[in-house]
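So the chains spell out like this:
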Amino acid sequence: MSNKHLSILFGLLVVTGCDREGLDYLPVAQGDHPAVVDIGTLGIMSLDQLEEFKATRFAAQSAVIVERGGDAVVSPIDWCADPAHVDAQGNPLCFFGQLSGSTDGVRGGATYSFQVPSDPLSDGGDPISSVCVIVDPESVFWNQSIAPTEREETYAFPDFPNDDGDLDLFVGMTSYYTGSPGVELGDFKGFYTDSLGRQLEIEYGECIQASGTRRGFNAAHAGRAAAEFCAIEIGSRYGVPFTVVLDTFSVPLDDGVLSYGTLVVEGDCRGVVDECTVRGESLEPTVDTPVARDCTPELEEASCSARMQDFCCLHPTMCWDEQAPEDACDTFNEVWDPNNEGIEKARDNYCNLGITTAAGDELEPSPELCCAAYEG
Amino acid sequence: MRTSTTLLLALLASGCAYSEDALQHFDVRGKVRIPKDMTTITVNDPETGEAYTIENDVRAIGPIWLGVYSGVDDRLFDYPHPEVGPVLGTDNPTGNTYPYGSMSVGRPDWGCYQTMNCKLITGRYSSYDDVIEFFRDEVRDPVINQLGDEVTSGIEYREHCYETGYLTSDQEVGFIGNGGGEPYFEDMGDYFEAETTIYHTLWLEGAVVWGWMDTPSRTFDFSTCQEGDSLGWQVFYYDEQYFTGQVPIDLLNFPSKYIFQGDVVVQDPPVIDDPDKEFTVEINFRYE
């Protein structure tokens, strides 16, 4: 074989290495959402208001509450938009928003500020010394149980990763913030120069995430779709404005839009914050005003009540059905479809009828986990 | 061809011309002096409560903490203190001193018995008997073993160290002699003196060496050694289970958190103009 032939073969070999574009891994944004945005100013929510906010549910779930004898509740999105839920300066107490991915080399994300009141905040007793800043990016993430024996059936399905995004939370005094709100994201880094001219970088960010696996320093962050939160000391900092930076780490692949909910509440985060604090933060990308995406409130409800197997068996495409083990729904079907009549029957039993098990236990239906508009 | 080879070799050899002297970090060597009158301590007799002094005894010298700093500012406290950066957060009373490097001349060491936690400083004792004698006769608070009995023999002391610490020689016992290479103070007449090296410190022209001696309290304890659950190494030897105490990690960054009245501070910190020249630092200002 001549050198010429060898060169042609080599060239072909190189070209075949380009048969994949990898574009599947680049999210394409739906709708018209900014990559960098400034929300404005949020008020500080009281703990009573937080309890009220956490009790909110979307329409279908509110109907279930009423059916069970409770009072109707509004959605978290409507609660935040209600003019009754503002602080003394008229600032909203929470916010739901959406971000598209940024262009190459540009940090994307959202910023907002909150101001420590001039008079000490008080819950009726001692002045409140800290506030808790929370952001929850869409939607829910869980670890699949893959134990070969005694698998945790609740998490037999894997999480569907392409509907999750990630925002990293930073908080610091506004005077140290280096970015231009709404134009360019910055940070809270400053410099100290000692008397011999040595320059040291100083981190003025104060958001130290100290909960569970997120224990660490200012740069520690939670993973995809997990709520991030940190306590900020406000004692003796009356009137001081703080800036919150929500730095886009990853955008969901399915729609290219990262939606989120965020708020600031009194207290040090202990015992008040988790994935279930902000619900309905997965928003419809093609609508300008925040509207929760179909079936995501039910997904969060399932996650918050540790009933992921039930939800995933009823709505397999909301979880990662392609990667689910074949027997992921065996225990679910044993209970809800004892006569092997199919998933529609199981769904009817679970959502509407309830069932009496072989052991004689009466199981109530759980319509709060059932998506009316679900199309598998 | 011969010329080309020579040129190639010369080119390759030039690759080895990099000198680590370009680094700004040095092992700075020097001497630490402490006047004898600064080593006089007052302790209380545990039995009677009577206060008395221990004088001219190298064993009464507490741990000495040395740092290389950009400078010292006399205006910050009632004693000379390194310059500080901005005050950050609410946990620290001052800003960070951002030391360039640091070293101890004697540090709190595990004393083999729980009763000796945070009592023994390295580089102060020549033998186990020296320890026993000092605590029995000078501090008047004898070494007590795990059974609650007084330790009277150096051989017994050594055996217990070896057994509970899984040791095989005195070289592994930091508080005996210069165990593990610890600097040892020598009697120089009016003062005690020890050699020291501050390893791998950043050096900028004008940097100073500053530090202080943590003077023993009246119960012969040290503010730079903290005791408590989970603090320090855990001894786990049959029914002897305790934590040995530890030195705070930030004591040279925030010295004012650990300096109290009675401690002795460097008043005139030597300037390091040449990192290859030895410095002499004198610890001579008692904070009253």
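This structure is a prediction, so every number in the text was calculated from the model and none was measured. (Residues numbered from 1 in each chain as written. Chains lettered and ligands numbered in written order. Predicted model: local features only at pLDDT ≥ 70, side-chain atom pairs only at ≥ 80, totals over all residues. Heavy atoms only, no water.)

J.: Tell me what's going on with the interface of chain B and chain A, and back it up with residues and numbers.
T.: Taken together, the contact pairs 16 residues of chain B with 10 residues of chain A. For the pair chain B and chain A, the summed buried surface comes to about 1000 Å²; carbon and sulfur atoms form 65% of the total. Of all residues in chain B, the largest losses of buried area upon contact with chain A belong to P86(B), L88(B) and Y98(B), amounting jointly to 38% of the total for that side. Viewed at the interface, chain A and chain B are joined by zero salt bridges. In this assembly, chain B and chain A are joined by four residue pairs in polar contact (both at pLDDT 80 or more). Split into classes, the residues belonging to the side of chain B that touches chain A amount to nine nonpolar, five polar and two charged. (Contact = heavy atoms within 4.5 Å. Buried area = accessible area lost by both parts, 1.4 Å probe. Salt bridge = Lys/Arg side-chain N within 4 Å of Asp/Glu carboxyl O. Polar contact = N/O pair within 3.5 Å; in protein donor to acceptor, adjacent residues only side chain to side chain. Nonpolar A, V, L, I, M, F, W, Y, C, P; charged D, E, K, R; others polar.)

J.: Let's hear about helix α2 (residues 128–138) of chain B: which residues, and what values?
T.: Given 3.6 residues per helical turn, the α-helix brings residues three or four places apart onto the same face. Within the sequence span of α2(B), burial applies to Y128(B), D130(B), V131(B), I132(B), F134(B) and F135(B). After α2(B) finishes, the residue R140(B) shows a positive phi value of roughly 60°. (Buried < 20%, exposed > 50% of the residue type's maximum accessible area, 1.4 Å probe, protein only. Helix = DSSP H or I, 4+ residues; strand = E, 2+ residues; numbered from the N terminus.)

J.: Run through the sheet that holds strand β5 (residues 166–173) of chain A, naming residues and quoting values.
T.: Residue and element names in this part refer to chain A. Spatially, β1-β3-β9-β5 is the arrangement adopted by the four strands of the open sheet, whose pairing is mixed. A strand with exactly one partner marks an edge of an open sheet, and here the two such strands are β1 (36–41) and β5. Neighbour-to-neighbour, the strand axes of this sheet turn through a mean angle of 20°, independent of strand direction. The pairing of β1 with strand β3 (residues 109–115) spans five bridges and is parallel. Bridge assignment links V37 to a residue of β3, and that residue is A110. (Pairing = 2+ DSSP bridges. Axes fitted to C-alpha atoms, helices over the stretch in contact; angles between N-to-C directions.)

J.: Describe the sheet that holds strand β4 (residues 64–69) of chain B, naming the residues involved and giving the relevant values.
T.: Residues and elements named next belong to chain B. Sheet architecture is open: eight strands sit in the order β7-β4-β12-β15-β16-β1-β11-β10, paired in mixed fashion. Strand pairing shows two members of the sheet lacking a second neighbour, β7 (101–105) and β10 (186–187), which therefore form its edges. In this sheet, strand β16 (residues 279–286) lies alongside strand β15 (residues 264–266) in antiparallel orientation, the contact comprising three bridges. Each residue of the ladder has a partner; that of V266, found in β16, is I283.

J.: Give me the nonpolar core: which residues, what numbers.
T.: A general trend in soluble globular proteins is that nonpolar side chains are found buried together. Residues and elements named next belong to chain B. With 39 residues, the main nonpolar core has I64, F185 and W212 as its most contacted residues. Not counting chain neighbours up to four residues away, the residues in contact with W212 comprise P63, I64, W65, T224, L251, L252, P255, Y258, I259, D263, V264 and V265. L120, V143, Y157 and I176 belong to the second largest nonpolar core, which has 33 residues in total. (Core = buried A, V, L, I, M, F, W, Y, C linked by side-chain atoms within 4.5 Å.)

J.: Describe in detail a negative patch on the surface, supporting the description with residues and values.
T.: All names here are of chain B. Together, E205, D273, D274 and D276 make up a region of like negative charge exposed at the surface. Within the secondary structure layout, D274 lies in the loop between β15 and β16. D274 sits in the partly exposed class, given a relative accessible area of 30%. (Patch = residues over 30% accessible without salt bridge, like charges linked within 9 Å, V, L, I, M, F, W, Y side chains within 5 Å. Areas by Shrake-Rupley, 256 points an atom, 1.4 Å probe, with all protein chains shown as cover. Lys, Arg positive; Asp, Glu negative; His and termini not counted. Charge placed at Lys NZ, Arg CZ, Asp CG, Glu CD.)

J.: Let's hear about the packing of aromatic side chains: which residues, and what values?
T.: Residues and elements named next belong to chain B. According to the stated counting rule, one finds 26 aromatic pairs over all chains in the structure shown. Summarising the aromatic geometry, the rings of F77 and Y79 are spaced 5.4 Å apart at their centres and angled 10° between planes, so their arrangement reads as stacked. Relative to Y287, the ring of Y79 has its centre 4.8 Å away and its plane inclined at 55°; by these criteria the two rings are tilted. Placement of the pair is Y79 in the loop between β5 (72–73) and β6 (81–82) and Y287 in the segment after β16, with a sequence separation of 208 residues. Under the relative-accessibility criterion, Y79 is labelled buried at 3%. On the basis of relative accessible area, Y287 is assigned to the buried category, the value being 16%. Ring pairing ties together the aromatic residues Y125, F134, F135, F220 and F222, which thus form one cluster. The residue whose ring lies beneath K36 is F192, and the NZ or CZ to ring-centre distance is 5.2 Å. Sitting above the plane of the Y52 ring, R140 keeps its charged end 3.6 Å from the centroid. (Phe/Tyr/Trp six-rings, centres within 6.5 Å; stacked < 30°, edge-to-face > 60°. Lys NZ or Arg CZ within 6 Å of the ring centre and 35° of its normal.)

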